[in-house]
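# Descriptive analysis of the structure
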Amino acid sequence: MNALASLRRRLGELDDLGALGRLAAWDQAVMMPPAGGAARAQQLATLERLAHERGTSEEIGEWLEACEAGDGELAELDRDAVRLARRDWERARRVPVDLAVERAAAHAEGETIWRAARTAGSFAAFAPALARNVTLARAYAAAVADDGQGAYDALLADYNFGLSAEGLGVVFGRLAAELEPIVAEAGRRPAPPALRVPEEAQRAAVRRILARLGVDGEGWRVDESSHPFTVWLGPRDLRLTTRYDDGGLVSVLGALHEFGHGLYRRQMPADLLRTGLDQSTSTAVDESQSKLWEDQIGRHRAFAGVLAAELRVSGLAITPDEVHGALTDVRPTPIRVSADPVSYPLHVVARFELERALVEGTLDVVDLPAAWNEGMRRLLGIEVPDDRSGVLQDIHWATGAFGYFPSYALGSLIAAQLWEALERALGPREEALATADVAAIRTWLGNAVHRHGRRLDTDPLLERATGGPLSPDAFLRYVGALVG
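First things first, this report covers the structure right here in the doc. Owing to the predicted nature of the structure, the values given are computational and were not obtained by experimental measurement.

Definitions and cut-offs
- Residues numbered from 1 in each chain as written.
- Predicted model: local features only at pLDDT ≥ 70, side-chain atom pairs only at ≥ 80, totals over all residues.
- Heavy atoms only, no water.
- Helix = DSSP H or I, 4+ residues; strand = E, 2+ residues; numbered from the N terminus.
- Rg over C-alpha atoms; globule rule 2.2 N^0.38 Å.
- Buried < 20%, exposed > 50% of the residue type's maximum accessible area, 1.4 Å probe, protein only.
- Contact = heavy atoms within 4.5 Å.
- Areas by Shrake-Rupley, 256 points an atom, 1.4 Å probe, with all protein chains shown as cover.
- Phe/Tyr/Trp six-rings, centres within 6.5 Å; stacked < 30°, edge-to-face > 60°.
- Expected span 1.5 Å × (residues − 1).
- Pairing = 2+ DSSP bridges.
- Axes fitted to C-alpha atoms, helices over the stretch in contact; angles between N-to-C directions.
- Left-handed = near helix turned anticlockwise from the far one by under 90°.
- Nonpolar A, V, L, I, M, F, W, Y, C, P; charged D, E, K, R; others polar.
- 1 Å grid on protein atoms, 1.4 Å probe; cavity = no way out; pocket = protein on both sides within 12 Å on 5 of 7 lines; lining within 4 Å.
- Points joined across faces, edges and corners; volume = space filled by probe spheres on them.
- Salt bridge = Lys/Arg side-chain N within 4 Å of Asp/Glu carboxyl O.
- Polar contact = N/O pair within 3.5 Å; in protein donor to acceptor, adjacent residues only side chain to side chain.

Scanning the chain from N- to C-terminus turns up 20 helices and three strands. At 22 Å, the chain has a C-alpha radius of gyration in line with the 23 Å of a compact globule built from 484 residues. Across its three principal axes, the chain shows a C-alpha extent of roughly 65 × 50 × 45 Å. For the chain, buried positions account for 57% of its 484 residues. Of the contacts made within the chain by residues no fewer than 6 positions apart, 74% connect residues no fewer than 24 positions apart. When the accessible area of the chain is evaluated, it comes to approximately 19500 Å², of which 52% is carbon and sulfur surface.

Okay, structure coming up:
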């Protein structure tokens, strides 16, 4: 067997191991009984050991050298697979196997502990697990960092290759400066009547709306979890979750958000599967797909008629104007996933500042709740009532995902850029969205974003899809129109 065939077989094996890990994590969040946490941590640690050993072996290096020596004979897709396999292999080899295994176990255990601590509203119960994850994140960053690279930048590279904390600080500084007065002014306006949507009506609306967008029972699952998420096990095995907890429409927006993640994988070309290229190019681009379906579509005035009609099927007397008003009201809230699209990035700015301080050692875990509450006051002008609504609300640090949070705000920026490019190409979407006709949107996103998988990094992908680099300008225009 030649080097390329051997490499592709190994990449396929690593893809399979990754899928099994995601399946175990999905089960932990959706179906596993609470007492199964300790065993699940060990199982995930074993999977991580196998993946690390298979993904860092010397033979991969030999295959890569052989492929690179014959680069001129490789097809373009194979050259991309080799290039990114080289990047992944060299980075993974810097991580000692014991550290990789310990991180996997700590992340699984941290999630189990977080779920119980969040239910109890007890940060003290979660703090030891968080401190362990912070320590391991620092060790991991030290192992993978390039020469002269800071710890937080090293962690960012796992999610958004090529970005830096310094660059994010500039973008987020501008966002905070421009959004804070808008949020403060909008928050002084009279609030629209609160929507009270019974849980059964929410569930029915989620099912019917997702079905109209293309979610079927053959290749998708829709479940419930305390924190909405999506996993992909194959092109025809996509699993998304949402949550039903406030009587409003957060469950519907959450389902639309997760659909965007799932569609990204669903529309990747078959020739990328099991090559290391069948992934999102970055978590920022991945989040742009979910934010586009949540905000540019889900909160579009024309789509409010679709949402209202589906709710009326369940016997709820509601108008499109009431739906649109509730979904676009700018009203600061302590909960990130319930935030309006204008104040949402400020939640992310706060988390970026906090996790960077944790990783760089300028903030101790014991002081995190107070620092969290201060950030909410400073950026959003709100008081956090308790730790369950504050520092315990997100799962990310429990699972060791330090460096992920910036992707959420970047996703909002990229979604706005993509939407402007989409409407330049297709024309305004009012008429189509009024009937939930999203076929052209799906096709455009497939051609502009999904078909590339991981072959283009974030910046070149944006240049090709929108004609320009990453910028907050389109998002600020979107915000201006929303509150104007």
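There's more to say after this.
Let's shift gears to the packing of aromatic side chains. Per the stated rule, a full pass over the model turns up twelve aromatic pairs. Judged by centre distance (6.4 Å) and plane angle (80°), the rings of F123 and F126 are edge-to-face. Remark: F126 and F123 occur in helix α6 (residues 123-144); sequence separation between them is three residues, near one turn of the helix. Geometrically, the ring pair formed by F405 and Y408 is tilted, given 5.9 Å between the ring centres and 50° between the ring planes. Of the two residues, F405 and Y408, both sit in the buried class.

Phi angles above zero are rare outside glycine, and R274 is one such case at about 60°. By secondary structure assignment, the location of R274 is in the loop between α10 (250-266) and α11 (283-297). By relative accessible area, which is 39% here, R274 ends up partly exposed. Even without being glycine, A436 reaches a positive phi, approximately 60°. For A436, the position within the fold is in the loop between α17 (430-433) and α18 (439-448).

Attention now goes to helix α4 (residues 76-92). In this model α4 runs 24 Å from its N-terminal to its C-terminal C-alpha over 17 residues, within 8% of the 24 Å that 1.5 Å per residue would give. If you check which residues of α4 are buried, you get L77, D78, D80, A81, V82, L84, A85, R86, W89 and R91. Buried residues along α4 sit against α1 (3-30), α2 (37-55), α3 (58-69), α6 and α7 (151-156).

Moving on, we come to the pairing of strand β2 (residues 230-234). Direction of pairing for β2 relative to strand β3 (residues 237-242): antiparallel, over a ladder of four bridges. Considered in β3, the bridge of V231 is made with R239. Between β2 and β3, which pair antiparallel one after the other, the connecting turn spans two residues.

We now examine the environment of R424. As for its placement among the helices and strands, R424 is situated in helix α16 (residues 406-426). Taking the relative accessible area as the measure of exposure, R424 reaches 56% and is therefore exposed. In the structure, R424 is positioned 395 residues away from A29 in sequence and 40 Å away in space, judged by C-alpha atoms.

Following both chains from N to C, one finds α1 and α4 inclined at 65°, their axes separated by 11 Å at the closest point. Note on packing geometry: the crossing formed by α1 with α4 is left-handed. Residues L4, L7, R8 and L11 of α1 lie in contact with α4, whose contacting residues are L77, D78, V82 and A85. Partitioned by chemical class, the residues of the contact of α1 with α4 number six nonpolar, no polar and two charged.

It is worth spelling out the layout of surface pockets at this point. In this approach a probe as big as a water molecule rolls over the atoms, and the regions it shows empty are the leftover space. The calculated volume of the second largest pocket comes to roughly 710 Å³. As for the second largest pocket, its lining consists of 32 residues, of which D246, G248, V250, A326 and S338 are closest to the centre. Looking at the lining of the second largest pocket, the elements with two or more residues in it are α10 and α13 (320-328). No other element matches α13, which puts three residues into the lining of the second largest pocket. Tallied by class, residues from the lining of the second largest pocket come to 14 nonpolar, seven polar and eleven charged.

Once that is clear, we can look at the sheet that holds β3. Strand order in this open sheet of three strands is β1-β3-β2, and the pairing throughout is mixed. Lying at the two open borders of the sheet, with one neighbouring strand each, are β1 (220-224) and β2. Ignoring which end each strand starts from, the neighbouring axes of this sheet average 15° apart. Against the sheet, α1 touches β1, β2 and β3, its axis set at about 140° to β2.

Let's shift gears to the pattern of salt bridges. Taken as a whole and assessed by the stated rule, the structure comprises 41 salt bridges. Residues R351 and D394 are paired through a salt bridge, measuring 2.6 Å at the closest nitrogen-oxygen approach. A residue pair is termed long-range when its members are at least 10 positions apart, and R351 in helix α14 (residues 344-360) and D394 in the loop between α15 (368-380) and α16 qualify at 43 residues. Each member of the pair, R351 as well as D394, carries the same accessibility label: buried. Bridged by salt links that share partners, the residues R10, E13, R54 and E59 form one connected network.

Moving on to the side chain of T281. For T281, the location among the structural elements is in the loop between α10 and α11. Note on T281: relative accessible area 9%, which makes it buried. Looking at T281, its side chain comes within polar contact range of the main-chain oxygen of L456, at 2.3 Å. Residues within four places of T281 in sequence aside, it is in contact with Y264, G453, R454, L456, D457, T458 and L461.

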